[in-house]
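Summary of structural features
In case you want the letters, here they are:
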Amino acid sequence: YSTGEVVANKVTGQASDSPAAIVEGDNSVTLNECDLTGGGDSGVMLYQVTSAEDTDVVTRFSALNSRLATTGEGPMFYVTNTAAQVLLADTELEFDSGILVKAAGNETNNWGIPGSNGGSLTLTAKGQRLSGDILCDAQSEVRLLLTEGSVYKGAVNSDAQAAGLSLTLDESSGWTLSGDSYVTALTNARSDCANIQSAGYHLYYAADNPANTWLGGRSLELAGGGSLLPW
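Residues numbered from 1 in each chain as written. Predicted model: local features only at pLDDT ≥ 70, side-chain atom pairs only at ≥ 80, totals over all residues. Heavy atoms only, no water.

Concerning the pattern of salt bridges
To be explicit about the condition: A pairing counts as a salt bridge when a side-chain nitrogen of Lys or Arg comes within 4 Å of a carboxyl oxygen of Asp or Glu. In DSSP terms, a helix is any run of H or I states spanning at least four residues, a strand is any run of E spanning at least two, and both are numbered starting from the N terminus.
Counted under the stated rule, the structure contains 5 salt bridges. The salt bridge partner of E94 is R67, with a shortest N-O separation of 3.0 Å. With E94 in strand β11 (residues 92-94) and R67 in strand β8 (residues 67-70), the pair connects residues that are 27 residues apart, well separated along the chain. For R143, the salt bridge is made with E141, and the minimal N-O distance between the two is 3.4 Å. A cluster of three or more residues bridged by salt bridges with shared partners is formed by D35, R67 and E94.

Thoughts on the sheet that holds strand β24 (residues 220-221)
Applied cut-off: Pairing between strands is defined by DSSP: at least two bridges between them are needed.
Pairing in this open sheet of 4 strands is mixed, and the strands run β20-β23-β25-β24 from one edge to the other. On the outer flanks of this sheet lie β20 (181-183) and β24, each paired with one strand and no other. Bridge analysis of strand β23 (residues 203-205) against strand β25 (residues 227-230) gives 3 bridges, and the strand direction is parallel. Looking at the pairing, Y205 lines up with P230 of β25.

Some points on the nonpolar core
Considering soluble globular proteins, one finds that nonpolar side chains tend to be buried as a cluster. The criterion, for reference: In this text, buried Ala, Val, Leu, Ile, Met, Phe, Trp, Tyr and Cys residues form a nonpolar core when linked through side-chain atoms within 4.5 Å. Only protein chains enter the area calculation, which uses a 1.4 Å probe; residues under 20% of their type maximum are buried, those over 50% are exposed, and those in between are partly exposed. Residue contacts are counted whenever heavy atoms from the two residues lie within 4.5 Å of one another.
Counting 50 residues, the largest nonpolar core has F61, F77, L100 and W175 as the members making the most contacts within it. Once you skip the residues sitting within four places of it in the chain, W175 turns out to touch Y152, G154, V156, L167, L169, S181, V183, N195, I196, Q197 and L203. Counting residues in each nonpolar core, the second largest holds 5 residues, with I22, M45, Y47 and W111 among its members.

Looking at the sheet that holds strand β5 (residues 35-38)
The condition is simple: Fitted lines through C-alpha atoms give the axes, limited to the stretch in contact for helices. The angle between two N-to-C directions lies from 0 to 180 degrees.
Reading across the sheet, the 4 strands line up as β2-β5-β8-β11 and stay open at both edges, with parallel pairing between neighbours. At either margin of the open sheet sits one strand with a lone partner, and together these are β2 (12-14) and β11. Across the sheet, the mean angle separating the axes of adjacent strands is 5 degrees when strand polarity is ignored. The pairing of β2 with β5 spans 3 bridges and is parallel.

Considering the packing of aromatic side chains
Quick note on the threshold: Any Phe, Tyr or Trp ring, taking Trp's six-membered ring, that has another such ring centre within 6.5 Å forms a pair; planes under 30 degrees apart are called stacked, those over 60 apart edge-to-face, and the others tilted.
A complete count under the given rule lists 5 aromatic pairs for this structure. Ring geometry for Y152 versus W175: centroids 6.1 Å apart, planes at 25 degrees, classification stacked. Taken together, the residues span a long stretch of sequence, with Y152 in strand β17 (residues 151-154) and W175 in strand β19 (residues 174-177) at a distance of 23 residues. Each member of the pair, Y152 as well as W175, is classed as buried. Aromatic pair Y182 and W231: ring centres 5.1 Å apart, planes at 70 degrees, arrangement edge-to-face. On the criterion of sequence distance, the pair formed by Y182 in strand β20 and W231 in the segment after β25 is long-range, its members being 49 residues apart.

Quick notes on unusual backbone geometry
At N81, a residue that is not glycine, the phi angle is positive and equals roughly 60 degrees. The residue N81 is located in the loop between β9 (77-80) and β10 (83-89) in this model. Taking the relative accessible area as the measure of exposure, N81 reaches 0% and is therefore buried. Of note, A160 is a non-glycine position whose phi angle comes to about 60 degrees, a positive value. The class for A160 is partly exposed, based on a relative accessible area of 24%.

Topic: the side chain of S28
Examined against the element boundaries, S28 turns out to sit in strand β4 (residues 28-32). For S28, a relative accessible area of 9% translates into the label buried. With residues up to four places along the chain from it excluded, the contact list for S28 reads S2, G4, E5, V6, V23 and R60.

Things to note about the environment of S120
This is how it is decided: Definition of a polar contact: a pair of N or O atoms within 3.5 Å, with one able to donate and the other able to accept a hydrogen when the atoms are protein atoms, and with sequence-neighbouring residues admitted only if both atoms are side-chain atoms.
Structurally, S120 can be placed in strand β13 (residues 120-126). In this structure S120 comes out as buried when scored by relative accessible area, which is 17%. On a C-alpha basis, the gap between S120 and T80 in space is 7.6 Å, while along the polypeptide they are 40 residues apart. Once you skip the residues sitting within four places of it in the chain, S120 turns out to touch V79, T82, A83, A84, E141 and R143. Polar side-chain contacts of S120 include one of 3.2 Å to the side chain of R143.

So, in structure tokens, the structure goes:
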């Protein structure tokens, strides 16, 4: 539980009734070659207690060459009432919920002001295998950056309710959909989007967002039978 800067090297540990790691406010946790298992409502929780209006607050979590697991039923990462940055590199994630990220407001813990206490997350993956859905409510934002050969399998913003959901792929990275997905911004080093496998699902992008101008309002067939469509 970090209210400062915590660095752990080659640490093994297990928590039966809490997340494997919690970072509160403008603080950080960095894991190097660690093996941690949690058993709480999420694998890793990133939050702040007071109002999230201070834009200088960044809650940070990094895991490098590590293993993170949760025996609980919640998401691997839960972000609420804060702006957060997560970096994952060559790290194994184990969770049964099927939810990689949940960014959402809260009404039960007096963290921030209900209705304006959502989460804002930038998740950067480097050489990383990711799976699981990304859930984001109407007061929250998630940015997923897949780099250095990262592979992601999942659905993002499947209910089209997120305040913002952006996804970036470099030329070496790929995404396989596991359900219909909605992005407010799509950035892809492969203009043909050949690195997106649809598995029969559709990917919708916000046609009126300047970040998607490169798509020109087009519809594209994706490998696997689905399509990239303006939304």
